[in-house]
Amino acid sequence: MTASFLPFTRPSIDEETIASVADVLRSGWLTTGPKANEFEAALSVHCGGRPVRVCNSGTVTMEIALRLAGIGVNDEVITTPLSWVATAGVILAVGARPVFVDIDPITRNIDLDKVSAAITPRTRAIIPVDLAGLPVNRDKLHVIAQDHKLRVIEDAAQSFGACWKGKPIGSSFGNDSDFVSFSFHPNKNITTGEGGALVLPADIDPAACERMRLQGVRRFGEDGMDVEVLGGKANLTDIAAAIGLGQLKRLGEFTERRKALARHYFGHFDRNLACQLPPEDFENSNWHMFQILLPSGCDRARLIAAMRERSIGIGVHYPAMHLFTLYRRLGYKEGDFPLAEEAGRRIVTLPLFPAMLDSDVERVCSTLADVLKSLV
Ligand SMILES: *Cc1c(COP(=O)(O)O)cnc(C)c1O
């Protein structure tokens with residue numbers, strides 16, 4: 001092994017951010033406080049002034065959104081099987097049933113044309129996922145949501161910094177009743193170490209969200225306190241918020257660099273390899289990931305091992321979720337969502353992160369071509 005190992009992603013944390021974390025550590029106040037408030041205000045500006053509350057994970061923001069929307073036992077929530085397990089996990093966590101709808105094979109996001117057929121009298125909400133940072137069609141989504149009176153909880157964990165019609169994801173696209181969930185896990189486009197944020201609909205009191213993230217506690221007067229709902233423990237520390245503030249400053253730069261690297265991939269990728277490339281979207285996507293489908297029949301495990309031997313990290317995001325044991329127990333089985341299953345078997349994530357060099361992209365492309373030829 002000569003070249004240094006190229007992971008599929010890596011966060012970029014600058015010295016100024018590290019110094020701001022040190023300042024918090026010296027300040028005497030570590031948990032949710034002035035930095036978290038400042039981070040929420042900055043996120044709200046990014047989202048066109050909508051209310052935003054930060055939490056300690058993206059997952060918990062979606063669980064809180066479902067609870068605030070009153071979704072629970074006997075309810076159904078529609079989502080995609082091609083996502084991180086958190087997306088459907090939160091539906092189960094509140095006692096509701098996840099109802100999967102197959103993907104569009106080009107965008108790899110939920111196929112909105114198939115949603116109507118999955119709706120029953122119990123359907124209460126839809127959780128669309130912007131896989132790899134490519135936004136689900138918001139116009140179409142809102143027509144469906146309005147027609148069927150569904151609450152929308154956008155799983156925008158991967159699409160922070162992406163746009164729809166020139167406005168950042170998280171903004172209002174004519175429907176103020178949506179929740180939008182972001183994740184700041186280290187693999188995401190900006191990070192707080194671990195963390196997340198929830199953009200709140202106009203009809204939800206931000207104080208109710210604050211109670212959900214901290215034990216349901218409501219305070220009043222100088223010494224008054226009551227608990228009316230069961231909350232959890234999901235508040236973000238000021239340590240994490242300081243990282244987020246430093247990251248948010250660089251969002252534009254990060255997104256531009258990701259786009260440039262994605263363009264470089266398209267320019268250098270050998271189109272004769274029988275791989276399926278992602279849509280060439282340079283208007284909306286934040287290029288959270290550069291994902292390809294391997295040629296059908298290619299041994300993915302062997303390819304990943306061979307790439308690792310050549311110092312290149314390859315990710316798998318994700319196997320189709322309905323085939324995991326937990327979901328098979330609910331009655332889902334092989335063949336239910338053939339397009340998601342096919343993508344789940346063939347998909348790989350190539351390295352893409354802001355600090356990567358153009359020459360790294362070229363190395364990934366040429367190494368992948370060599371390895372694919374050696375495997376057939
Ligand atoms: C990362 C991610 C989540 C969960 O975010 P956490 O901050 O890790 O809880 C949810 N959905 C999708 C699609 C993700 O990629």
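See the structure printed just above.
Scoring rules and cut-offs
Residues numbered from 1 in each chain as written. Predicted model: local features only at pLDDT ≥ 70, side-chain atom pairs only at ≥ 80, totals over all residues. Heavy atoms only, no water. Buried < 20%, exposed > 50% of the residue type's maximum accessible area, 1.4 Å probe, protein only. Helix = DSSP H or I, 4+ residues; strand = E, 2+ residues; numbered from the N terminus. Contact = heavy atoms within 4.5 Å. Polar contact = N/O pair within 3.5 Å; in protein donor to acceptor, adjacent residues only side chain to side chain. Salt bridge = Lys/Arg side-chain N within 4 Å of Asp/Glu carboxyl O. Phe/Tyr/Trp six-rings, centres within 6.5 Å; stacked < 30°, edge-to-face > 60°. Near = heavy atom within 4 Å. Areas by Shrake-Rupley, 256 points an atom, 1.4 Å probe, with all protein chains shown as cover. Nonpolar A, V, L, I, M, F, W, Y, C, P; charged D, E, K, R; others polar.

Participant: Quick rundown of helix H6 (residues 206-213)? Include the residues and the values.
Facilitator: Taken residue by residue, H6 has Ala208, Cys209, Arg211, Met212 and Arg213 as its buried positions. Where H6 is buried, its residues touch helix H2 (34-46), strand S1 (52-55), helix H3 (58-68), strand S9 (196-199) and strand S10 (217-220). Near the N-terminus of H6, the side chain that reaches the backbone nitrogen of Ala207, with its oxygen 3.0 Å away, is that of Asp205. Positive phi appears at Gln215, one or two residues downstream of H6, with a value of about 60°.

Participant: Provide a residue-level description of the pattern of salt bridges, including the pertinent values.
Facilitator: In this structure the tally under the stated criterion is 23 salt bridges. Across the pair Glu334 and Arg328 runs a salt bridge, and its minimum N-O distance is 3.8 Å. The network of salt bridges with common partners includes Asp14, Arg250 and Glu253.

Participant: Help me get a handle on the packing of aromatic side chains, residues and values and all.
Facilitator: Scanning all chains against the criterion turns up 14 aromatic pairs. When the centroid spacing of 6.0 Å and the interplanar angle of 80° are considered together, the rings of Phe266 and Phe282 count as edge-to-face. On the criterion of sequence distance, the pair formed by Phe266 in helix H8 (residues 251-268) and Phe282 in the loop between H8 and strand S12 (290-293) is long-range, its members being 16 residues apart. Between Phe266 and Phe290, the aromatic rings sit 5.2 Å apart at their centres with planes inclined by 65°, giving edge-to-face as the arrangement. Placement of the pair is Phe266 in helix H8 and Phe290 in strand S12, with a sequence separation of 24 residues. These aromatic residues form a ring-pair network of at least three members: Tyr265, Phe266, Phe282, Trp287 and Phe290.

Participant: Pulling in residues and values, what's your account of the site of the ligand?
Facilitator: Taken together, 16 residues surround the ligand, and among them Gly58, Thr59, Asp155, Ser183 and Lys188 come closest. At 2.8 Å from an oxygen atom of the ligand is found a main-chain nitrogen or oxygen belonging to Gly58. A distance of 3.1 Å separates an oxygen atom of the ligand from a polar side-chain atom of Lys188. Across the complex, the protein chains shield 93% of the 380 Å² of accessible surface that the ligand would expose by itself. At three residues, the largest contribution of residues to the shell around the ligand is made by H3. Of the residues assigned to the shell around the ligand, the class counts are six nonpolar, eight polar and two charged.

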